[in-house]
Every structure is written in C-alpha cells, then in structure tokens.
Amino acid sequence: MAKLDKEFRAFYNDEVKFNGNKEIRDKKSKLKDDFKSSFPTIFKESFDEDFKVENIRFIDQGSYAIGTAINHGTKAYDIDVATILDIDITKYPNPIDVKKVARDALINTNRQPIIKGPCITVKYTKQGEEKYHIDFPIYANYNGSLYLARGHEFSNEENRQWEPADPEGLNKYFKIENLQIEGLDLSDEEKQQRNQKRRLIRYLKWWKSEEYSQPQSDNEVPPSISLTILVCLYFETAKVEGKYNDLAALHKTVSNIVTEIFYDEYNQDGKIVKRIKECNLPTNPYADTLTKLRNSDNHVSKFYNKMENLRKRLESAVNESNERKAAETICKILGDKFPLPEEDKVNEEDSFA
C-alpha cells in the first residue's frame with residue numbers, strides 16, 4: 001500500500017470532514033422561514049413600502065455549500081446563507097438601513113443577531129461556548145446584478161456600500177469547475193482528482209486551525225477562501241503504486257503554492273523581505289482575499305515561514321522509508337489526531353544494520 005494511505009483516509013473520514021448535521025439543517029430552515037415571515041412586515045414599517053415574500057431567495061455559499069467544511073474542535077462551524085432581495089439600491093443607497101431590517105427579521109427571544117461588515121451573524125452556543133454560527137450576507141438584486149451590503153451597524157459612511165458581487169458565480173467556480181461531481185459527466189479519473197482536491201483543501205484548512213490557534217491578530221491569519229483558491233489554482237494530483245496518494249499530492253500542491261505566491265523584494269531600508277502575490281476572487285468583485293495579511297510584512301513573513309515549514313515536513317515524510325516516522329512527521333503538521341501506524345518492525349531492524 002502507498003505511504004500512509006490508510007492513515008490519511010481514516011484521518012479525513014473520522015476527524016476532518018464535516019458535512020453538516022440535522023441540528024444545523026433545522027436551525028437554518030427555521031431562520032429562513034422566520035426571515036421570510038417577518039422581513040416584508042418590518043420593511044413596510046421602516047420604509048412605508050410593500051415588499052413581497054416572492055422577492056426573497058436564499059442560496060448556500062461558502063465551505064458548507066462546496067463541501068470543504070472541517071470538523072476542527074477549536075473552531076465553531078461557519079454556515080453561510082446568501083440572502084438575495086429584489087431591491088432598487090438607488091432608492092436605498094445606505095445598505096445598513098436594509099441590513100437593520102434584515103437583522104430585526106431574524107430576532108427572537110432566544111437569538112440576537114449581530115450586524116457585521118459582510119453579513120448578519122446568528123450564533124448558537126452551548127454551556128457558554130459557541131458551537132456554530134449561521135451568517136446571512138445580504139445581497140440586492142438590481143438591474144440583473146447582485147450587490148453585497150457592506151458595512152457593520154456603526155460603520156463610517158465611506159465603509160458602507162453596495163459592493164458588486166457574484167455569489168452564484170463563485171459557487172459555480174468551486175463546485176462545477178473544480179470540486180463538484182454529482183450531475184456532471186466526468187471520467188472516473190476526473191472524479192478521483194476532484195475528490196483529492198477537496199481533501200487537500202480540508203487538510204490545509206485543518207493545518208491553518210492548528211498553526212493559527214492563538215493568533216495575535218485576525219489579520220495575520222490567511223482566510224480559508226484564500227487557501228481554497230490557492231489549492232484550486234496550484235493543485236497537482238499524485239498517485240503512488242497506481243493509487244491516488246494524498247501525502248504526495250499535498251506535498252506537490254504546497255510546493256507549488258510556496259513557489260508561485262511568495263517572492264523576495266528590497267524594502268525601503270534596502271533589506272530583502274518576503275512579499276506575496278494577490279489571491280483574487282475568481283468572480284466579481286475580483287477582490288484580493290489576502291489584502292489584510294499583506295498589509296503587514298510580519299504577517300507575510302510568518303505565513304511564508306509556516307508554509308515553508310509545512311513544505312519541508314511534507315517532503316521529509318514523502319522521503320521517509322519508515323511509515324511510523326513519516327506519520328510522526330505528519331502529526332507535527334496536522335496534530336495528534338492524525339493516526340500513527342503500527343511500528344514497522346522490518347524498517348526498525350534495517351535501521352540498525
């Protein structure tokens with residue numbers, strides 16, 4: 001069997017992969033029903049204008065929608081429900097006015113939604129700790145295009161805007177062009193490669209949760225959307241002994257990412273510093289998802305050092321002939337939930353020859 005196939009499969013299926021559960025599905029359905037029931041009434045009270053429930057629709061987006069959500073115990077699940085409203089943004093130029101109505105439509109005695117910059121968040125906690133949250137980014141459907149309501153409740157005027165967006169196009173990019181299998185006419189090889197690509201995205205997101213478990217600033221943490229885009233751009237499939245091998249593919253893909261996105265440049269003091277290329281959304285508004293990280297040389301340097309360390313350890317595991325030692329190296333990357341194989345007695349004896 002190819003190196004650590006069994007261990008990677010067990011780790012992925014038992015620890016990493018998260019496809020949702022009935023509680024989350026029920027909560028999401030209840031929130032959507034409450035929103036459709038309340039929003040038209042509150043909109044009428046706020047703006048003295050009728051709003052039909054037929055002019056509300058929802059689509060899933062984010063990692064939950066494209067099958068790349070992870071089950072890391074230190075991180076609350078994040079569910080994104082794009083909420084699309086048929087609204088004339090020239091009549092409602094301040095998106096916060098609309099977001100307040102949307103927020104109020106989700107309020108009840110047991111939940112207090114919060115208006116954040118890109119969305120409205122509803123948190124669910126257990127014994128004082130957040131278990132998961134459901135985000136409702138609010139979009140206006142106007143003149144055949146979608147616009148995201150940007151800005152938190154108390155944002156300055158310059159930070160409030162209807163930003164061009166394409167959540168459906170983004171879903172299509174990830175699902176149809178990169179990850180989805182169901183309903184597409186794909187060869188078995190294409191299906192296997194897409195499955196491997198999805199697994200690699202989840203491994204990297206798990207690695208991020210391990211590496212950035214206690215960040216000094218949220219801005220230093222590479223967003224999951226960035227890691228997802230980077231794997232889609234620089235993914236390299238790998239087989240060992242005729243079977244798709246995740247260790248080899250992860251090593252090749254991470255090596256490609258490190259090579260392609262980092263470069264050296266002289267700063268104003270004449271010192272060589274690490275820089276990072278843009279990682280743009282593949283659809284409108286084509287924004288750089290690494291902007292906040294890039295604003296600090298220290299953040300970029302830290303990200304590079306972590307990625308380079310990841311690359312080196314993956315390379316060490318790929319080149320290690322002893323399965324147990326290779327797995328121990330992976331544990332340094334992905335944590336102690338990665339399973340260790342039984343001691344390789346043959347290799348142990350050979351090491352003393």
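Residues numbered from 1 in each chain as written. Predicted model: local features only at pLDDT ≥ 70, side-chain atom pairs only at ≥ 80, totals over all residues. Heavy atoms only, no water.

**A look at the side chain of D288**
Reasoning step 1: Tracing the backbone through its elements, the reader meets D288 in the loop between β12 (272-276) and α9 (291-294).
Reasoning step 2: Exposure remark for D288: the relative accessible area of 13% places this residue in the buried category.
Reasoning step 3: Setting aside residues up to four positions removed in sequence, D288 forms contacts with E278, C279, N280 and R294. (Helix = DSSP H or I, 4+ residues; strand = E, 2+ residues; numbered from the N terminus. Buried < 20%, exposed > 50% of the residue type's maximum accessible area, 1.4 Å probe, protein only. Contact = heavy atoms within 4.5 Å.)

**Thoughts on the side chain of N171**
Reasoning step 1: Examined against the element boundaries, N171 turns out to sit in helix α5 (residues 167-179).
Reasoning step 2: Not counting the four nearest positions on each side in its chain, N171 is found in contact with I59, D60, Q61, G62, A65, I66 and I176.

**Description of helix α4 (residues 95-105)**
Reasoning step 1: Most of α4 is tucked away, with eight of its 11 residues classed as buried.
Reasoning step 2: Among all positions in α4, only P95, I96, V98, K99, V101, A102, R103 and A105 are buried.
Reasoning step 3: Measuring from the side-chain oxygen of the N-cap residue of α4 to the backbone nitrogen of I96 gives 3.0 Å; that N-cap residue is N94. (Polar contact = N/O pair within 3.5 Å; in protein donor to acceptor, adjacent residues only side chain to side chain.)

**Comments concerning unusual backbone geometry**
Reasoning step 1: In this structure, P285 follows N284 across a cis peptide bond, with omega equal to 15°.
Reasoning step 2: Relative to the helices and strands, P285 is located in the loop between β12 and α9.
Reasoning step 3: At N143, a position not held by glycine, the phi torsion is positive, near 55°.
Reasoning step 4: Position of N143 among the secondary structure elements: in the loop between β6 (138-142) and β7 (145-150).
Reasoning step 5: Positive phi outside glycine occurs at Y286, with the angle close to 60°.
Reasoning step 6: As for its position among the elements, Y286 is in the loop between β12 and α9.

**Section: helix α1 (residues 5-16)**
Reasoning step 1: Of all the positions in α1, only D5, E7, F8, F11, Y12 and V16 are classed as buried.
Reasoning step 2: Those residues of α1 that are buried are in contact with α6 (188-211), β10 (243-244), α8 (246-261) and α11 (323-334).

**Comments concerning the nonpolar core**
Reasoning step 1: With 54 residues, the main nonpolar core has F303, M307, I330, L334 and F338 as its most contacted residues.
Reasoning step 2: Breaking this core down by element, the ones donating at least two residues are α1, α5, α6, α7 (224-234), α8, α10 (297-319) and α11.
Reasoning step 3: The element that contributes the greatest number of residues to this core is α8, accounting for eight residues.
Reasoning step 4: Every residue in contact with M307, bar those within four places of it in the chain, is listed here: W207, V254, I257, V258 and F262.
Reasoning step 5: Core analysis: the second largest hydrophobic core is formed by 37 residues, F35, I79, Y92 and I115 among them. (Core = buried A, V, L, I, M, F, W, Y, C linked by side-chain atoms within 4.5 Å.)

**Describing the packing of aromatic side chains**
Reasoning step 1: Counting across every chain of the model gives 19 aromatic pairs.
Reasoning step 2: Ring geometry for F262 versus F303: centroids 5.6 Å apart, planes at 65°, classification edge-to-face. Of the two residues, F262 sits in strand β11 (residues 262-266) while F303 sits in helix α10, which places them 41 residues apart along the sequence.
Reasoning step 3: Since its relative accessible area comes to 7%, F262 is described here as buried.
Reasoning step 4: Between F262 and Y304, the ring centres sit 5.1 Å apart and the planes meet at 75°, which makes this aromatic pair edge-to-face. Placement of the pair is F262 in strand β11 and Y304 in helix α10, with a sequence separation of 42 residues.
Reasoning step 5: Given the relative accessible area of 18%, Y304 is considered buried.
Reasoning step 6: Connected via pairs of aromatic rings, a cluster forms that spans F35, F39, F43, F47, F51, F58 and Y92.
Reasoning step 7: One residue, K274, lies across the ring of Y304, its end atom 4.2 Å from the ring centre.
Reasoning step 8: Above the plane of the ring of Y212 lies K306, whose end atom (NZ or CZ) is 5.0 Å from the centre. (Phe/Tyr/Trp six-rings, centres within 6.5 Å; stacked < 30°, edge-to-face > 60°. Lys NZ or Arg CZ within 6 Å of the ring centre and 35° of its normal.)

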